[in-house]
Amino acid sequence: MPGLTAPSDYCREPLRHPCLKINSKEPFNAEPPRSALISSYVTPVDLFYKRNHGPIPLVDDIDRYCVTIRGLIENSKDLFMEDVRKLPKYNVTATLQCAGNRRTAMCKTKTVRGVGWDVSALGNAIWGGAKLADVLELVGIPKNTSVTKSGRKHVEFVSIDKCKEEKGGPYKASIALSQATNPDADVLLAYEMNGEPLNRDHGYPLRVVVPGVIGARSVKWLDAINIIAEECQGFFMQKDYKMFPPSVDWDNINWDSRRPLIDFPVQCAICSLEDVDVIKPGKIKITGYAVSGGGRGIERVDVSVDGGKNWLEASRYQQTGIPYIADDMNCDKWAWVLFEVIVDVSHNAQIIAKAVDSAANVQPENVETIWNLRGVLNTSWHRVHVQIGHSNM
Ligand SMILES: Nc1nc2c(c(=O)[nH]1)N[C@H]1C(S)=C(S)[C@@H](COP(=O)(O)O)O[C@H]1N2
Ligand SMILES: [Mo]
């Protein structure tokens, strides 16, 4: 692993923003406060959630750093940063969301295992880098290789961080070769986030960004790319990030019975209020985010202030108070939309938000029906409670 080092302890962690809410210190897992998320369409890097499984790697020599591409190809290749930078550069606005986002709320039904997250284990960034499809072309794999041609082949991304779950080995994950070679899937080897070089927390010097897919597949601190016959056999593909039905618990789980999670389903959350908040009676503005996976944009966000009897359609904005003007039908293909709606609340109420994506997929009404032992993909209607009072204001 030329140029990159993986510490085995937490003595050389980067500095982090003091506003982040720390869900686990070592490895470092943290999310911004709800209100910070909705103040900007593009999430500032220092407030972007951080999700790690081990200590943060360090670059000791950027000139020697390279990614080895090997496996089912004629000749393996060492890809240096200058090779990546020579390829056409793309800026893709994409929301990255952890499959564990909103896990804490799932625990209320029944305990789940995993880092507790509120509603902010996601962020929207402008990722700059080369397309994986262009990189794979350098090793002789044509663009748009169809599933018919590629069969079960996957492209595996291997990092160098030391993860407990991998018994001290590196984090890894894979995606289908057909997706990896599809330029329209916008899979990037990213070296920039919001126009700045990636920072250590987010994968410096190079990370994978797989838009529309759970965050777990966007491998940071890339060390190798393997072209393999079948999906990656690592822990995070086989023994984690799978969704089981509510009937499955730790005593009857069969990991092989489920496929690894890929696309993210439709999701939304209110960010202008906490789970329980005290407000003054009258008009209040409800704001939040909505996002879907697989390249499906958001069609609509509905908000209710009477526990789901009546619904109002929210409008979208990019900066508070400034409506969102879509000049390109595809502009929210991979990115979230921020929504706002003004409602009148005169008594204690349950406020709910639910989104509909471009394929008319809706969110499940109740968290109980999608409870799963790992607490992944809590995309149930987001509910908060307001109490009328004068404290706090
Ligand atoms: N090498 C490596 N890549 C990784 C992880 C990791 O622990 N190690 N965590 C994954 C998970 S679960 C998520 S949700 C995203 C989080 O990316 P972020 O920390 O940049 O927000 O990175 C993914 N890539
Ligand atoms: Mo994640």
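In this text the structure is predicted, and so the values were computed from the model without any measurement.

About the cut-offs
- Residues numbered from 1 in each chain as written.
- Chains lettered and ligands numbered in written order.
- Predicted model: local features only at pLDDT ≥ 70, side-chain atom pairs only at ≥ 80, totals over all residues.
- Heavy atoms only, no water.
- Helix = DSSP H or I, 4+ residues; strand = E, 2+ residues; numbered from the N terminus.
- Buried < 20%, exposed > 50% of the residue type's maximum accessible area, 1.4 Å probe, protein only.
- Contact = heavy atoms within 4.5 Å.
- Areas by Shrake-Rupley, 256 points an atom, 1.4 Å probe, with all protein chains shown as cover.
- Lys, Arg positive; Asp, Glu negative; His and termini not counted.
- Charge placed at Lys NZ, Arg CZ, Asp CG, Glu CD.
- Domains from an automatic or database assignment.
- Buried area = accessible area lost by both parts, 1.4 Å probe.
- Salt bridge = Lys/Arg side-chain N within 4 Å of Asp/Glu carboxyl O.
- Polar contact = N/O pair within 3.5 Å; in protein donor to acceptor, adjacent residues only side chain to side chain.
- Pairing = 2+ DSSP bridges.
- Near = heavy atom within 4 Å.
- Nonpolar A, V, L, I, M, F, W, Y, C, P; charged D, E, K, R; others polar.
- Phe/Tyr/Trp six-rings, centres within 6.5 Å; stacked < 30°, edge-to-face > 60°.
- Lys NZ or Arg CZ within 6 Å of the ring centre and 35° of its normal.

**What to know about the overall build of the protein**
Along the backbone of the protein there are 7 helices and 25 strands. Taken along its principal axes, the extent of the C-alpha atoms in the protein is 70 × 50 × 45 Å. For the protein, with 393 residues in total, the buried portion stands at 56%. In the protein, the share of contacts with a sequence separation of at least 24, taken over all contacts with a separation of at least 6, comes to 73%. Carbon and sulfur atoms make up 50% of the accessible area of the protein, which amounts to about 16,900 Å² in all. Distance between charge centroids for the protein: 3 Å, based on 46 positive and 47 negative side chains.

**Things to note about the domain arrangement of the protein**
When the domains of the protein are assigned, the result is domain 1 (4-257) and domain 2 (267-388). Listed as interface residues are 47 residues of domain 1 and, on the opposing side, 43 residues of domain 2. Summing both partners gives a buried area of about 3,700 Å² for domain 1 against domain 2, and 57% of it is carried by carbon and sulfur. Among the residues domain 1 hides against domain 2, the three largest losses belong to Ile38, Tyr41 and Arg102. Together they make up 23% of the total. Counting across the domain 1 and domain 2 interface gives 4 salt bridges. The partner of aspartate 275 in a salt bridge is lysine 108, with the nearest N and O atoms 3.6 Å apart. Remark: the boundary between domain 1 and domain 2 carries 22 residue pairs in polar contact (both at pLDDT 80 or more). It is strand S8 (residues 90-97) that contributes the most residues to the side of domain 1 that touches domain 2, 5 residues altogether.

**Focus: the sheet that holds strand S4 (residues 50-51)**
Taking strand neighbours across the sheet as the criterion, the 3 strands line up as S2-S3-S4 in an open arrangement whose pairing is antiparallel. Of all the strands in the sheet, the pair left with one neighbour each is strand S2 (21-24) and S4. Examined bridge by bridge, S2 and strand S3 (residues 29-31) share 3 bridges and lie antiparallel to one another. Bridging across to S3, serine 24 finds its partner in asparagine 29.

**Quick look at the site of ligand 1**
Among the 20 residues in the neighbourhood of ligand 1, the closest are listed as His53, Asp161, His202, Arg207 and Lys220. In this structure, histidine 202 approaches ligand 1 through a side-chain N or O atom, which is 2.7 Å from an oxygen atom. Its free accessible area being 530 Å², ligand 1 has 100% of it covered by the protein chains. Within the shell around ligand 1, the residues separate by chemical class into 9 nonpolar, 6 polar and 5 charged.

**Structural notes on the packing of aromatic side chains**
Applying the stated criterion to the full structure yields 10 aromatic pairs. Joined through ring pairs, the aromatic side chains of Phe48, Tyr49, Trp117 and Trp127 make up one cluster. A cation sits over an aromatic face here: lysine 131 above tyrosine 90, 4.3 Å from the ring centre. The ring of tryptophan 311 has lysine 354 sitting right over it, with the charged end atom 4.5 Å from the ring centre.

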